[in-house]
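Residue-level listing of the chains:
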Amino acid sequence: MRSLSKLAESFTESVIREMARLCQSVGGYNLSQGFPDFESPQEIKDAAIAAINNEHNQYSVTYGEPELREAISKKAWTYNSIKCNPQTDITVCCGATEAMISALMAIINPGDEIIVFEPFYENYGPDSILSGATLRYVTLHTPDWSYSPDELADAFNEKTKAIIINTPHNPTGKVFSRKEMEEIAQLCIKWDCYAITDEIYEHILYDNCRHISMASIPGMNKRTITINSISKTYAVTGWRVGWAIADKPVSQSIRKVHDFLTVGAPNPFQHAAASALLFADDYYINLQIHYAQLRETLFATLQKAGFKPHLPQGAYYIFADMADLMKKIDVQDDVSFSRKLIDITGVATVPGSSFYNDPSSGKSKIRFCFCKKLETLQVVDIALNKLNANS
Ligand code: GLN
């Protein structure tokens, strides 16, 4: 047989999705792939059903239904302090995942470099390979996931085309402060490069943390591509509705890539998304109360089971250290630990190495997601006791 694509051969299947499948095959508790096991809000489901019944069943405008772009633009102003024109600056995509790859393909030329904070959400690796960019890594250091300003400054050079900022951050839960965003902005301006932000967890915040959007920082509006989605905020990860906000010329390039990749996001779900973006403030307040309880529950469970969890400031993951438990169950690395953890307890996780360029950096780390019913986390609490019974 003829050879396959060298590009496609240069990365592996998503470990997050693989672990989710493994979990399903053994009927385990899926704390690997970040999607809720609780019901989506009734109003958004009703809106989707109404959209289908109202015959929004054919292709949408390729870059998004006007009603949704209007709603995104309003929300971007009221929640993110981002000014954008719904006619020219927004591209609705099939989830933030497609928005990210479309954004990269829209700006990258051979030889371009992209900076990413490490650990990082695994998609950014294949995204950069497929778009032809080279990644440069800036370490987020434990215990507080801060970066060194010198290491950050050293990562920029004349080849730097963009920096990816994911805040709140997957997998660490770090919420970048205004001071950090301003520091990154200064470097973007100095080196004339783009900021691409993944803000999908913008409403999931703890301990009075505030979400800061890069496009709202002075001087950054025109050089930022803001990516977001309804998946996490409204618990509808399977609907595949996300978007990229960027200045008109950048959006024109994103729109072309998007059109030829997917034509458009599902039309009825775009209409439902438009109505969800109008939810009153109490929806978001309740969302935070709900997730705060789940964070507290899983954090206590992990401490009790012998992990060393990092308390997240945002998003719905806990990144934990498990060096002691590795010795206890006699495994040498995170991948074997995750597999053995499913065998012993039925709990599926994501091995830490999935979030690092060099797998050895994540060898003693593991990610749990807690966007699950309280009852699910209570069962997980009992299941993880088996780790200690096993010693
Ligand atoms: N963002 C989610 C995670 O990190 C899932 C993403 C996906 O599988 N598309 O688990």
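Note that the coordinates shown come from a computational prediction; the quantities given were computed from them, not determined experimentally.

## Describing the site of the ligand
Turning to step 1, where the next piece is worked out: Taken together, Ile16, Arg17, Ser32, Gln33, Gly34, Tyr121, Asn170, Tyr201, Lys232, Tyr317 and Arg367 make up the full set of residues near the ligand.
Turning to step 2, where the next piece is worked out: Taking lysine 232, its side chain carries an N or O atom lying 3.1 Å from a nitrogen atom of the ligand.
Turning to step 3, where the next piece is worked out: Between an oxygen atom of the ligand and a side-chain N or O atom of tyrosine 317, the distance comes to 3.3 Å.
Turning to step 4, where the next piece is worked out: Compared with its free state, where it exposes 300 Å², the ligand has 87% of that area covered by protein.

## Side note on empty space enclosed by the protein
Turning to step 1, where the next piece is worked out: For the structure shown, the criterion picks out four cavities of 30 Å³ or more.
Turning to step 2, where the next piece is worked out: Computed from the structure, the largest cavity encloses a volume of approximately 60 Å³.
Turning to step 3, where the next piece is worked out: Taken together, Ile82, Lys83, Cys84, Asp89, Ala215, Asn221, Thr224, Thr226, Ile245, Ala246 and Asp247 make up the lining of the largest cavity.
Turning to step 4, where the next piece is worked out: Grouping the amino acids of the lining of the largest cavity by side-chain chemistry returns five nonpolar, three polar and three charged.

## Some remarks on the pairing of strand β4 (residues 134–139)
Turning to step 1, where the next piece is worked out: Pairing analysis gives six bridges linking strand β3 (residues 113–118) to β4, with the strands arranged parallel. Bridge pairing in β4 links glutamate 118 to threonine 139.
Turning to step 2, where the next piece is worked out: Chirality of the crossover, the property in question, places the unit of β3, helix α6 (residues 124–131) and β4 among those that are right-handed.

## Re the sheet that holds strand β10 (residues 317–321)
Turning to step 1, where the next piece is worked out: Taken in spatial order, the four strands of this open sheet run β9-β10-β13-β12, and their pairing is antiparallel. Because the sheet does not close on itself, it has two edges, and the strands there are β9 (308–309) and β12 (350–351).
Turning to step 2, where the next piece is worked out: Bridge count between β9 and β10: two bridges; the pairing is antiparallel. Directly across from lysine 308, in β10, lies its bridge partner aspartate 321.

## Comments concerning the packing of aromatic side chains
Turning to step 1, where the next piece is worked out: With the rule as written, the count across this model stands at 21 aromatic pairs.
Turning to step 2, where the next piece is worked out: Taking 5.6 Å as the distance between ring centres and 85° as the angle between the ring planes, the aromatic pair formed by tyrosine 201 and tyrosine 317 counts as edge-to-face. Placement of tyrosine 201 in the loop between β6 (194–198) and β7 (224–229) and of tyrosine 317 in strand β10 is noted, with a sequence separation of 116 residues between them. Judged on exposure class, the residue tyrosine 201 and its partner tyrosine 317 are both buried.
Turning to step 3, where the next piece is worked out: Ring geometry for tryptophan 239 and phenylalanine 269: centres 4.4 Å apart, planes at 15°, overall stacked. Of the two residues, tryptophan 239 sits in the loop between β7 and β8 (242–245) while phenylalanine 269 sits in helix α10 (residues 267–276), which places them 30 residues apart along the sequence.
Turning to step 4, where the next piece is worked out: Chaining the aromatic ring pairs together yields one cluster made of Phe38, Tyr201, Tyr291, Tyr316 and Tyr317.
Turning to step 5, where the next piece is worked out: Of note, lysine 174 hangs over the ring of phenylalanine 176, and the distance from its end group to the ring centre comes to 4.7 Å.
Turning to step 6, where the next piece is worked out: It is arginine 255 that lies over the ring of tyrosine 63; its NZ or CZ is 3.6 Å from the centre.

## Notes on the nonpolar core
Turning to step 1, where the next piece is worked out: In this structure, Phe307 and Phe368 are the most contacted members of the largest nonpolar core, which totals 120 residues.
Turning to step 2, where the next piece is worked out: When residues in this core are grouped by element, the largest group, nine residues, is from helix α11 (residues 281–305).
Turning to step 3, where the next piece is worked out: Once residues within four sequence positions are removed from consideration, phenylalanine 368 is found in contact with Leu31, Leu298, Leu302, Phe307, Tyr316, Tyr317, Ile318, Ala320, Leu341, Val347, Thr349 and Leu384.
Turning to step 4, where the next piece is worked out: Core analysis: the next-biggest nonpolar cluster, separate from the first, contains five residues, Val15, Met19, Cys23 and Ala348 among them.

## Here we look at the layout of surface pockets
Turning to step 1, where the next piece is worked out: One number sums up the size of the largest pocket: a volume of about 640 Å³.
Turning to step 2, where the next piece is worked out: Forming the boundary of the largest pocket are 29 residues, of which Phe11, Thr12, Glu122, Gly125 and Pro126 lie nearest the centre.
Turning to step 3, where the next piece is worked out: Elements with a minimum of two residues in the lining of the largest pocket: α2 (15–26), α6, β4 and α13 (334–345).
Turning to step 4, where the next piece is worked out: Considering each element in turn, the lining of the largest pocket owes the most residues, six residues, to α6.
Turning to step 5, where the next piece is worked out: A breakdown of the residues in the lining of the largest pocket according to their chemical character gives 13 nonpolar, ten polar and six charged.
Turning to step 6, where the next piece is worked out: Considered as a void within the structure, the second largest pocket measures approximately 460 Å³ in volume.
Turning to step 7, where the next piece is worked out: Residue lining of the second largest pocket: 26 residues in total, with Arg17, Thr97, Tyr121, Lys232 and Arg240 positioned closest to the centre.
Turning to step 8, where the next piece is worked out: Those elements that provide at least two residues to the lining of the second largest pocket are α2, α5 (95–107), α6 and β7.
Turning to step 9, where the next piece is worked out: Tallied by class, residues from the lining of the second largest pocket come to ten nonpolar, ten polar and six charged.

## A word on the side chain of arginine 69
Turning to step 1, where the next piece is worked out: Mapped onto the secondary structure, arginine 69 falls in helix α4 (residues 66–80).
Turning to step 2, where the next piece is worked out: Within the buried core, arginine 69 has no salt-bridge partner, and the shortest N-O distance to an opposite charge, that of glutamate 65, equals 6.8 Å.

## Notes on unusual backbone geometry
Turning to step 1, where the next piece is worked out: Look at the link from glutamate 118 to proline 119: it is a cis peptide, with omega at 5°.
Turning to step 2, where the next piece is worked out: With respect to the secondary-structure elements, proline 119 resides in the loop between β3 and α6.
Turning to step 3, where the next piece is worked out: Across the junction of threonine 142 and proline 143, the peptide omega takes the value 5°, indicating a cis bond.
Turning to step 4, where the next piece is worked out: Although it is not a glycine, valine 263 adopts a positive phi angle of roughly 65°.
Turning to step 5, where the next piece is worked out: Given the relative accessible area of 35%, valine 263 is considered partly exposed.
Turning to step 6, where the next piece is worked out: Not every positive phi belongs to a glycine, and aspartate 330 is a case in point at roughly 60°.
Turning to step 7, where the next piece is worked out: Here aspartate 330 shows up in the loop between α12 (323–328) and α13.
Turning to step 8, where the next piece is worked out: On the accessibility criterion, aspartate 330 (57% relative accessible area) is exposed.

Each value, and the rule that gives it
Positions within a chain are numbered from 1, following the residues in the order the chain's sequence is written. Local features are withheld for residues below a pLDDT of 70 in this predicted model, meaning they are given only at 70 or higher, and side-chain atom pairs are given and counted only at 80 or more; totals for whole chains, interfaces and linings count all residues. Only hydrogens and water are set aside; all other atoms, that is, all heavy atoms of the structure, feed into the side-chain values. We call a residue near a given molecule or strand whenever any one of its heavy atoms falls within 4 Å of it. The term polar contact refers here to a pair of N or O atoms within 3.5 Å; inside protein, the definition further demands a hydrogen-donor-capable atom paired with an acceptor-capable atom, and it admits residues adjacent in sequence only when both atoms are side-chain atoms. With residues, only the protein chains shown are counted as cover, and all accessible areas are computed by Shrake-Rupley using a 1.4 Å probe. Grid points spaced at 1 Å and placed over the protein atoms alone form the basis of the search, with a cavity being a set where a 1.4 Å probe fits but cannot get out and a pocket an open set showing protein on both sides within 12 Å along at least five of seven lines. Lining residues have an atom within 4 Å of a point. Grid points are joined across faces, edges and corners, and a volume is the space filled by probe spheres set on the points. Side-chain classes are defined by residue name, with Ala, Val, Leu, Ile, Met, Phe, Trp, Tyr, Cys and Pro counting as nonpolar, Asp, Glu, Lys and Arg as charged, and the others, Gly among them, as polar. Note on pairing: two strands pair once DSSP finds at least 2 bridges between them. Strands are runs of DSSP state E lasting at least two residues, helices are runs of H or I lasting at least four, and both sets are numbered from the N terminus onward. Crossovers are described as right-handed under a simple rule: with the strands pointing away from the observer, the path leading from the first strand over the helix to the second runs clockwise. Stacked, tilted and edge-to-face pairs are distinguished by plane angle, under 30 degrees for stacked and over 60 for edge-to-face with tilted covering the rest, among Phe, Tyr and Trp rings (Trp via its six-membered ring) whose centres lie within 6.5 Å. Any residue under 20% of the maximum accessible area for its type is buried, any over 50% is exposed, and the rest in between are partly exposed; the area is computed with a 1.4 Å probe on protein chains only. The rule for a charge over a ring is simple: NZ of Lys or CZ of Arg within 6 Å of the ring centre, and within 35 degrees of the ring normal. Here the nonpolar core consists of buried residues drawn from Ala, Val, Leu, Ile, Met, Phe, Trp, Tyr and Cys, with membership extended through side-chain atoms lying within 4.5 Å. Contact criterion: two residues are considered in contact whenever any of their non-hydrogen atoms come within 4.5 Å of each other. Charge counting follows a simple rule: Lys and Arg are positive, Asp and Glu are negative, and His as well as the terminal groups are ignored. Whenever a carboxyl oxygen of Asp or Glu lies within 4 Å of a side-chain nitrogen of Lys or Arg, that contact is scored as a salt bridge.

Treat this as a map of the structure, not an account of what it does.
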